[in-house]
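Chains, contacts and geometry: an overview
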Amino acid sequence: MNLFDYGQEREKEKKAPLAARMRPRTLDEMVGQSHILNPGKLLRRAIEADQLTSLILFGPPGTGKTTLAKVIANTTESHFEQLNAVTSGVGDIRRLTGEAKDTLSMYDRRTLLFIDEIHRFNKSQQDALLPFVEDGTIILIGATTENPSFEVNAALLSRSRVFQLHLLTENELKTLAERALADEERGLGHYQTKMDEEALNHLIRMAGGDARNLLNALELAVTTTLPQEDGFRHITLEVAEESIQQKVIRYDKGGDNHYDTISAFIKSMRGSDPDAALYYLAKMIHAGEDPRFIARRIFIHAAEDVGMADPRALLIASAAAQAVEHIGLPEAQIPLAEAVIYIATAPKSNAVIKGISQAMQAVKNESRGEIPPHLKDAHFKGATKQGRGTGYRFPHDYPRGYVEQQYLPDEHIGKAFYHPTDIGYERKLKEFIRWVKQPNKEH
């Protein structure tokens, strides 16, 4: 690099956002992810020994995936290349893999290829990488915010190690903030700054474990605050609140946050915690989730987890779904909330699921499943001559609307699929079934 290019590069670095300027350059500068980067951990040993195999870095935004790739680039003796899956195509992959083959054959030097947002690569793009990962021409480092089990080609995944990165703790974020405030070369140290502790704590809390979010807000707070008479920029809680505004909700309708949130929502209703269920409902609505999707999940939950313990739950879920169709958001959040509260506080039973599951299994495994003749349709000419409907007893002609007769096919006689619990309305159903099965009862 000549002096002109070096000068341009330095000028570019100065204009970069604080989060980019403060990006760690060595493993020792890394903050967080101690479970994979502490001394003695597998990934750290592999980086320090320059013995990396292909790997996938998986975690939320702002946890250090790209930073770690840059640190590896600074550490390794391999040739380093970078692609962004959003702007790159198969042509870029073919060009880079071709260059990687030349580098390996001429200089006996492997290429380390970092692909940011690898989950955005389609199947053909990922397939184009596979042969070169497999034969060792390139060492792949993929970064993704989505679960690679769902988003990365199984063949590519099987040839890579997956390392999960976690949201940073508040103490880790505080370390980053203090480092940025003190660093005069890359950070904000050349500004004379006084930051109230409550202001810093607010930025840390609202950053939600995202280092980039924190540093962006910190830079905005410092650079937009004018110095006072003493020459210091005073960062108060009010300034901090303006700088970070509102924490970004971690919710991607196509990714893990979507599935994690709906999972927590369902489990909170199942666990009879209306407060948690309302929280996750609010989170989904706030993030722009399709209210019809939410209504469908409530509908399903009413049948699966409340069931016959309170059959009204299904009616209320249905009413909420209709409200979504007829009035939409924001008003529909009220009937949705009503349905969630009702279902969360309703008695729970999954006897219906067990019943239909056992019945489905019986149908699947049966040899014939012949319907008893007296239950068969007898409304067409000649049906009675075939014995269809003959001997059928009409229950309404008997006391309590019940008469004992065979309903199940011969091979299933005596089997019980529905076993009501003692919870809620099912207790009454259990009593009725017990009465039905009593021998020598009067009908």
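Residues numbered from 1 in each chain as written. Predicted model: local features only at pLDDT ≥ 70, side-chain atom pairs only at ≥ 80, totals over all residues. Heavy atoms only, no water.

1. Section: the sheet that holds strand S5 (residues 161–164)
On the basis of which strands lie adjacent, the open sheet formed by five strands has the order S2-S3-S4-S1-S5 and parallel pairing. Each edge of the sheet is formed by a strand with only one pairing partner; in this case those strands are strand S2 (79–84) and S5. Along the sheet, successive strands turn relative to each other by an average axial angle of 20°, direction set aside. Note: strand S3 (residues 111–116) against strand S4 (residues 138–144), six bridges, orientation parallel. (Pairing = 2+ DSSP bridges. Helix = DSSP H or I, 4+ residues; strand = E, 2+ residues; numbered from the N terminus. Axes fitted to C-alpha atoms, helices over the stretch in contact; angles between N-to-C directions.)

2. Describing the environment of Val-352
Within the secondary structure layout, Val-352 lies in helix H19 (residues 351–365). Note on Val-352: relative accessible area 33%, which makes it partly exposed. Along the sequence, Val-352 and Ala-303 sit 49 residues apart, while their C-alpha atoms lie 7.8 Å from each other. Setting aside residues up to four positions removed in sequence, Val-352 forms contacts with Gly-307, Met-308 and Tyr-418. (Buried < 20%, exposed > 50% of the residue type's maximum accessible area, 1.4 Å probe, protein only. Contact = heavy atoms within 4.5 Å.)

3. Structural notes on the packing of aromatic side chains
One pass over the full model with this rule turns up three aromatic pairs. Aromatic pair Phe-432 and Trp-435: ring centres 6.0 Å apart, planes at 35°, arrangement tilted. With Phe-432 and Trp-435 both in helix H20 (residues 426–436) and three residues apart, this pair spans about one turn of that helix. An aromatic cluster of at least three residues, connected via ring pairs, comprises Tyr-402, Phe-432 and Trp-435. Geometry around Phe-232 places Lys-194 over its ring, the cationic atom sitting 4.8 Å from the centre. (Phe/Tyr/Trp six-rings, centres within 6.5 Å; stacked < 30°, edge-to-face > 60°. Lys NZ or Arg CZ within 6 Å of the ring centre and 35° of its normal.)

4. Considerations on the domain arrangement of the chain
Assigned domains of the chain: these are domain 1 (33–164), domain 2 (170–243), domain 3 (256–348) and domain 4 (370–437). Taking only C-alpha atoms into account, the centre of domain 1 sits 64 Å from that of domain 4. (Domains from an automatic or database assignment.)

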